[in-house]
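# Breakdown of the fold
Now for the letters of each chain:
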Amino acid sequence: MDALLADARSRLDRVSARAAFQELLALGALLVDIRPAAQRAREGEVARWLPALVVERNVLEWRFDPRSDARLPEASYDRRVIVLCQEGYTSSLAADALRSIGVARATDVVGGFAAWREAGLPVSGVAA
């Protein structure tokens, strides 16, 4: 699994939680939280006033592939999509999967939501 993760990350320009926050506010990036509902309920969420979506991992490619009938309105090949999981492992694989379907500017947050919360960035839910 370590080799698979390293391979995926070799194609990403991963960002810190603070850099992701800045991209959301200043550059129109879209943050996508792929954590399951139970994990979000337990750990908290990115503050709802930020441009973030919740798209669980099992449907991510269908929701972000502009050719898919199940795509979200935000789906675009050139949109900056920053994927967030709990600790930054699953998100690396997910961001690489998005890149493989043509979402060329997809990446993820180093350290995931845990790093987001530790950086003091806006959250809601139990972690607020």
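First, a word on what this report is: a plain description of the structure on this page. Along each chain, numbering runs from 1 in the same order as the chain's sequence is written. Side-chain atom pairs in this predicted model are given and counted only at pLDDT of 80 or more, local residue features only at pLDDT of at least 70, and totals for whole chains, interfaces and linings cover all residues. Note that the side-chain values use all heavy atoms of the structure and ignore hydrogens as well as water.

## Some details on the overall build of the protein chain
Here is the rule we go by: Labels follow the DSSP assignment, with helices taken as runs of H or I lasting at least four residues and strands as runs of E lasting at least two, numbered in each case from the N terminus. Between buried and exposed lies partly exposed: a residue is buried under 20% and exposed over 50% of the maximum accessible area for its type, with that area taken using a 1.4 Å probe on protein chains only. Note on contacts: a residue pair qualifies if any of its non-hydrogen atoms lie within 4.5 Å across the two residues. Surface accessibility follows the Shrake-Rupley procedure with a 1.4 Å probe radius. Residue values consider only the protein chains on display as shielding.
Within the protein chain, the regular secondary structure consists of six helices and six strands. Written out in order from the N terminus, the α and β elements of the protein chain read α-α-β-α-β-β-α-β-α-β-α-β. Dimensions of the protein chain along its principal axes, counting C-alpha atoms only, are 35 × 35 × 30 Å. Within the span of the protein chain, comprising 128 residues, buried residues form 46% of the whole. Pairs at least 24 residues apart make up 68% of the contacts formed inside the protein chain by residues separated by at least 6 positions. Element-wise, carbon and sulfur atoms account for 54% of the exposed surface of the protein chain, whose accessible area totals about 6,300 Å².

## Here's the deal with the sheet that holds strand β1 (residues 30–33)
Note the following rule: Any two strands are treated as partners once DSSP identifies two or more bridges connecting them. Axes here mean lines fitted to C-alpha atoms, for a helix over just the part in contact, with angles spanning 0 to 180 degrees between N-to-C directions.
An order of β3-β1-β4-β5 is seen for the four strands of this open sheet, with the pairing classed as parallel. Edge strands, defined here as strands with exactly one partner in the open sheet, are β3 (52–54) and β5 (107–108). Relative to strand β4 (residues 81–84), β1 is paired through four bridges, and the arrangement is parallel. Residue pairing for β4: Leu30 is matched across the bridge by Val81. Together, β4 and β5 form the strand contacts of helix α5 (residues 90–100), whose direction differs from that of β4 by roughly 150°.

## Focus on the environment of Thr107
The condition that has to hold: Between N or O atoms, a polar contact is any pair within 3.5 Å; within protein, one atom must be a potential hydrogen donor and the other a potential acceptor, and residues adjacent in sequence are included only when both atoms are from side chains.
Mapped onto the fold, Thr107 is located in strand β5. We classify Thr107 as buried; its relative accessible area is 0%. Taking the C-alpha atoms as reference, Thr107 lies 8.0 Å from Arg80; in sequence the two are 27 residues apart. Apart from residues no more than four positions distant in its own chain, Thr107 is found in contact with Leu12, Asp13, Arg14, Val15, Arg80, Val81, Ile82, Val83 and Ala95. At a separation of 3.0 Å, a polar atom in the side chain of Thr107 contacts the main-chain carbonyl oxygen of Asp13.

## Considerations on the pairing of β1
Because side chains alternate across β1, one face comprises the buried residues Leu30 and Val32, and the other comprises Leu31 and Asp33, equally buried. Of the pairings in the sheet, the one linking β1 to β3 comprises three bridges and is parallel in character. Bridging across to β3, Val32 finds its partner in Leu53.

Purely spatial values, then, with no claim about function.
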